[in-house]
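Inside the fold
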Amino acid sequence: PIFLEISDIVETMDIAFWIGSCAAGAGKVDLAISKFKQMLNIDPYLHRVRLELARVYFENGRFAEAKVELTKVLSAKPPEPVKRNIQKLLAQIEERTKKIFTNFRFSVGIQRDRNVSAGPGKEKIYIPPDGRGGIITLSNTQRALRDWVGIINIAGNILYDIGARRSWMWNTTGSLYQTHTK
């Protein structure tokens, strides 16, 4: 309130900055953004102000706007410690706005299979004449109705976040299942 009262009489860049900072701390986001933008309209090279504006955007989930402001500061070639902090914040924005999530699973095992072949347990199968006729002789492996089976399973999912963060997602699954009998 004191800064607002003083700013009615005279408003310097320092007072505008303190009003913006205090407003951000008090949760008056619109006032903070307004003051910081007002200052940047006067002098677009006030990178400290631009960083404060980016912080307000970031803290209020306005990640695209925060990213724009941070990128502008990076293009001005700030000191190395500031640059590292900006890059960390940009990485956090990237993580929070990420749309694609993946996972993969791999498993190996054995099982007793009671239907290794879907065929009959007979040695010979007779084919009717209208189907070209004939006899098919099955091998022991082809006739096996049960056996121990080795299994390899590889599966993966790709999730695409289509709405608000982690509310609605599109799930795509791929799977490879391979068995091998003795």
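Check the entry above for the structure.
Below: a short report on this structure. (Residues numbered from 1 in each chain as written. Predicted model: local features only at pLDDT ≥ 70, side-chain atom pairs only at ≥ 80, totals over all residues. Heavy atoms only, no water.)

**Topic: the environment of Ile125**
The condition that has to hold: The secondary structure listing takes helices from DSSP runs of H or I that are at least 4 residues long and strands from runs of E that are at least 2 residues long, numbered from the N terminus. Buried residues are those whose accessible area, probed at 1.4 Å on protein chains only, stays under 20% of the maximum for their type, while exposed residues exceed 50% and partly exposed ones sit between those limits.
Along the chain, the position of Ile125 falls in strand E2 (residues 124-127). The partly exposed category is assigned to Ile125, whose relative accessible area is 28%. With twelve residues separating them along the chain, Ile125 and Thr137 place their C-alpha atoms 6.5 Å apart.

**Points about the side chain of Asn157**
Residue position: Asn157 is located in strand E4 (residues 147-161). Look at Asn157 and you get buried, because its relative accessible area is 14%.

**Considering the nonpolar core**
Our working definition: Side-chain atoms within 4.5 Å link the members of a nonpolar core, which is a set of buried Ala, Val, Leu, Ile, Met, Phe, Trp, Tyr and Cys residues. Any pair of residues with heavy atoms lying within 4.5 Å of one another is described as a contacting pair.
One finds Phe36, Val56 and Ile93 to be the most contacted residues of the largest nonpolar core, which totals 23 residues. Counting residues per element, the ones that place at least two in this core are helix H2 (13-25), helix H3 (29-42), helix H4 (47-59), helix H5 (63-75) and helix H6 (80-96). The residues contacting Ile93, other than those within four sequence positions of it, are Phe58, Phe63, Ala66, Lys67 and Leu70.

**Concerning the pattern of salt bridges**
What counts, and what does not: Any Lys or Arg side-chain nitrogen located within 4 Å of an Asp or Glu carboxyl oxygen qualifies as a salt bridge.
This model, assessed by the stated rule, comprises six salt bridges. The partner of Arg48 in a salt bridge is Glu52, with the nearest N and O atoms 3.0 Å apart. Here Arg48 and its partner Glu52 are both found in helix H4, four residues apart, which amounts to about one turn of the helix. Accessibility expressed as a relative area gives 8% for Glu52, which makes it buried. With a shortest N-O distance of 2.5 Å, Glu69 and Arg50 are connected by a salt bridge. Of this pair, Glu69 sits in helix H5 while Arg50 sits in helix H4, and the two are 19 residues apart along the sequence. Shared partners join several salt bridges into a network, and the residues in it are Arg48, Glu52, Arg55 and Glu59.

**Here's the deal with a nonpolar patch on the surface**
In plain terms, the rule: What goes into a patch is any residue over 30% in relative accessible area without a salt bridge, connected to like charges within 9 Å or, for nonpolar side chains (Val, Leu, Ile, Met, Phe, Trp, Tyr), within 5 Å. In these tables, accessible area is a Shrake-Rupley quantity obtained with a 1.4 Å probe, and a residue counts as shielded only by the protein chains included in the view.
Together, Ile100, Ile158, Tyr160, Ile162, Trp168 and Trp170 line one region of the surface with nonpolar side chains, adding up to about 730 Å² of accessible area. Looking at the element boundaries, Trp170 is found in strand E5 (residues 169-181). In this structure Trp170 comes out as exposed when scored by relative accessible area, which is 56%.

**Quick word on H5**
Short version of the rule: Every helix has an expected span of 1.5 Å times one less than the residues it contains. It is the directions from the helix axis to the C-beta atoms whose arc is reported.
Taking 1.5 Å per residue as the helical rise, H5 with its 13 residues ought to reach 18 Å, and the 18 Å between its terminal C-alpha atoms agrees with that figure. Of all the residues in H5, the buried ones are Phe63, Ala66, Glu69, Leu70 and Val73. For H5, the angular spread of buried residues about the axis comes to 125°, placing them on one side. Facing away from the buried side of H5 by over 90 degrees, the exposed positions are Ala64 and Ser75. Buried residues in H5 make contact with H3, H4 and H6. After H5 finishes, the residue Lys77 shows a positive phi value of roughly 55°.

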